[in-house]
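Residues per chain, in single letters:
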Amino acid sequence: PAEARRIAALMGWRAQAAPRLGLDPGLLLPRRLIERLAERAPTDLETLEAVEGMRRWRIAALGREILAALAGSDVPADCGRGGAVSRIREREGGG
């Protein structure tokens, strides 16, 4: 039940964040990673970093938003914008 709620929260966050950031939802947060995050339920950036599959770019660009989704709270909509996300878009061929 708690794990299922965390999965739903992360799926909802991913659905709104992916178009806002111009990234494919599966690249932003793959389903397998969502399941690991829901199981481990990290509460800070250090424990988030320890989750298998969490890449540095995800933590740098989106870590606070992911933690907020897991905690069931909101952060400002522009929290994940900035240099790290711009570099991701460039790498993926987006603008």
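Residues numbered from 1 in each chain as written. Predicted model: local features only at pLDDT ≥ 70, side-chain atom pairs only at ≥ 80, totals over all residues. Heavy atoms only, no water.

1. Here's the deal with the nonpolar core
Turning to step 1, where the next piece is worked out: Ranked by internal contacts, the top residues of the largest apolar core, which has 24 residues, are L37 and I66.
Turning to step 2, where the next piece is worked out: Going through the elements one at a time, α1 (2–21), α3 (31–40) and α5 (56–71) are the ones with two or more residues in this core.
Turning to step 3, where the next piece is worked out: With eight residues, α5 is the single largest residue contributor to this core.
Turning to step 4, where the next piece is worked out: With sequence-adjacent residues up to four places away left out, I66 is seen in contact with L10, W13, L29, L37, L48 and M54. (Core = buried A, V, L, I, M, F, W, Y, C linked by side-chain atoms within 4.5 Å. Buried < 20%, exposed > 50% of the residue type's maximum accessible area, 1.4 Å probe, protein only. Helix = DSSP H or I, 4+ residues; strand = E, 2+ residues; numbered from the N terminus. Contact = heavy atoms within 4.5 Å.)

2. Here's the deal with the side chain of R20
Turning to step 1, where the next piece is worked out: Looking at the element boundaries, R20 is found in helix α1.
Turning to step 2, where the next piece is worked out: What makes R20 buried here is its relative accessible area of 18%.
Turning to step 3, where the next piece is worked out: Side chain to side chain, R20 and E65 meet in a polar contact 2.6 Å long. (Polar contact = N/O pair within 3.5 Å; in protein donor to acceptor, adjacent residues only side chain to side chain.)

3. Notes on the packing of α1 against α3
Helix packing geometry: the angle between the two helix axes and the distance between the axes.
Turning to step 1, where the next piece is worked out: Between α1 and α3, the least distance of the axes is 8 Å, while the angle of their chain directions is 135 degrees. Here α3 runs oblique to α1, going by the angle between their axes. The two elements α1 and α3 meet at a crossing, and its hand is right-handed. Of α3, the residues touching α1 (which contributes E3, R6, I7, L10, M11 and R14) are R31, I34, E35, L37, A38 and E39.
Turning to step 2, where the next piece is worked out: The residue inventory of the contact of α1 with α3, partitioned by class, reads six nonpolar, no polar and six charged. (Axes fitted to C-alpha atoms, helices over the stretch in contact; angles between N-to-C directions. Parallel < 35°, antiparallel > 145°, perpendicular 65-115°, else oblique. Left-handed = near helix turned anticlockwise from the far one by under 90°. Nonpolar A, V, L, I, M, F, W, Y, C, P; charged D, E, K, R; others polar.)

4. Some points on the environment of A9
Turning to step 1, where the next piece is worked out: The residue A9 is located in helix α1 in this model.
Turning to step 2, where the next piece is worked out: The exposure class assigned to A9 is partly exposed, which follows from its relative accessible area of 29%.
Turning to step 3, where the next piece is worked out: Linking A9 and A71, residues 62 residues apart in sequence, is a C-alpha distance of 8.8 Å.

5. A few points about α5
Turning to step 1, where the next piece is worked out: Along its length, α5 shows its largest kink, about 75 degrees, at L62.
Turning to step 2, where the next piece is worked out: Among the residues of α5, W57, R58, I59, A61, L62, G63, E65, I66, L67, A68, A69 and L70 are the ones counted as buried.
Turning to step 3, where the next piece is worked out: With its phi angle positive at about 80 degrees, G72 sits one or two positions after the end of α5. (Bend = angle between axes of the 7 residues up to and from the residue.)

6. Remarks on α1
Turning to step 1, where the next piece is worked out: The end-to-end C-alpha distance of α1, which contains 20 residues, comes to 28 Å, matching closely the 28 Å that a straight helix rising 1.5 Å per residue would cover.
Turning to step 2, where the next piece is worked out: Of the positions making up α1, those classed as buried are I7, L10, W13, R14, A17, A18, R20 and L21. (Expected span 1.5 Å × (residues − 1).)

From the geometry alone we can't say anything about function, so treat these as descriptive.
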